[in-house]
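Letter by letter, the chains look like this.
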Amino acid sequence: MKQIKLQDLTAVVHGTSRYNGGKWDTVSVQTLLVLDEPLPSDVSWYVPSGVSVPPEVLAMFNATGLKMFPTLEENILAGTEDIGDQAQGGNLEEVQKDAARFMLRAIMKKTPLIPIPDAPNTYLLSYDYKLYPVHGVPNAFEFAVRLPFDGLTFYPQGGRVQVSFLAPVGAQIDEAATHGRDENGLEITEQIVHLANANRFAVNFGYQIDPDFIIRYVY
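Let me begin by describing the structure that accompanies this report.

Rules behind the numbers
- Residues numbered from 1 in each chain as written.
- Predicted model: local features only at pLDDT ≥ 70, side-chain atom pairs only at ≥ 80, totals over all residues.
- Heavy atoms only, no water.
- Helix = DSSP H or I, 4+ residues; strand = E, 2+ residues; numbered from the N terminus.
- Rg over C-alpha atoms; globule rule 2.2 N^0.38 Å.
- Buried < 20%, exposed > 50% of the residue type's maximum accessible area, 1.4 Å probe, protein only.
- Contact = heavy atoms within 4.5 Å.
- Core = buried A, V, L, I, M, F, W, Y, C linked by side-chain atoms within 4.5 Å.
- Pairing = 2+ DSSP bridges.
- Polar contact = N/O pair within 3.5 Å; in protein donor to acceptor, adjacent residues only side chain to side chain.

## Comments concerning the overall build of the protein
Phase 1: Each helix and strand counted, the protein has 3 helices and 16 strands in total.
Phase 2: Taken over C-alpha atoms, the radius of gyration comes to 18 Å for the protein, in line with the 17 Å a tight globule of 219 residues would show.
Phase 3: By its C-alpha atoms, the protein is 60 × 45 × 35 Å across when sized along the principal axes.
Phase 4: Burial analysis of the protein (219 residues in total) assigns 39% to the buried set.
Phase 5: If you take every contact in the protein between residues at least 6 apart in sequence, the share linking residues at least 24 apart comes to 74%.

If you want it as structure tokens, here you go:
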């Protein structure tokens, strides 16, 4: 497993939901990765492709706890090989989980890391996709990500991940629902800054042990 010295993710959300009847916002994600050694040329991640996701598919993801996180190509359908046997055996819960992974694959695209010239073991990954309203919470959207990406781990001497998030114009950060979680479930404190001239909020996390990050904003 490759080790990261730094993974620096920046996400900028554009408030398209204010103009499309509340259907979705658009997020642009760029990630800089600095590794301890070069990645093989055939390593790729699947990331959200930006296609529209039907509500019933989103409901399936929510029911199975599946997230649209960047996933290694070999892992995106891992464990689904026995879906036929599970169906024959009447194991509905496992069939549902496997079916959700196939749906996830259908809305993801293969995206290789781009090496940065003259910067050894340094790569850039960029992608755009849609953020959908939080079920049962009016006018609320969430951006969620897990760092390091699937298949990477921390460099033992000071590896670090950080997230910088720029909310849409006019949105407010829901501080109660915005948090990071480390591998033990302990909360990581965020920094929130109001950019008054742009009427936007910026949120930042930094951490050094395998965290998940969730940022919720509301209109």
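## Regarding the nonpolar core
Phase 1: Residues L9, F143, F149 and F165 are the most contacted members of the largest nonpolar core, which totals 38 residues.
Phase 2: With residues up to four places along the chain from it excluded, the contact list for F165 reads A11, V13, F143, I173, F201, A202, V203, I215 and Y217.
Phase 3: One finds Y46, V57, A100 and I107 within the second-largest nonpolar core, a separate group that totals 14 residues.

## Some words on the sheet that holds strand β3 (residues 44–48)
Phase 1: Spatially, 3 strands are ordered β4-β3-β5 in an open sheet, and the strand pairing comes out antiparallel. Edge positions in the sheet fall to β4 (71–72) and β5 (108–112), since each has one partner strand and no second.
Phase 2: Strand direction decides the pairing type here: β3 and β4, joined by 2 bridges, are antiparallel. Within β4, the residue paired with W45 across the bridge is L72.

## Observations regarding the side chain of T178
Phase 1: Mapping T178 onto the fold places it in the loop between β11 (172–173) and β12 (179–181).
Phase 2: Of note is the side chain of T178, whose polar atom sits 2.8 Å from the backbone oxygen of D174.
Phase 3: A polar atom in the side chain of T178 sits 3.0 Å from the backbone nitrogen of R216.
Phase 4: Those residues within four positions of T178 in sequence are excluded, and the remaining contacts are I173, E187, E190, V203, F205, I214, I215 and R216.

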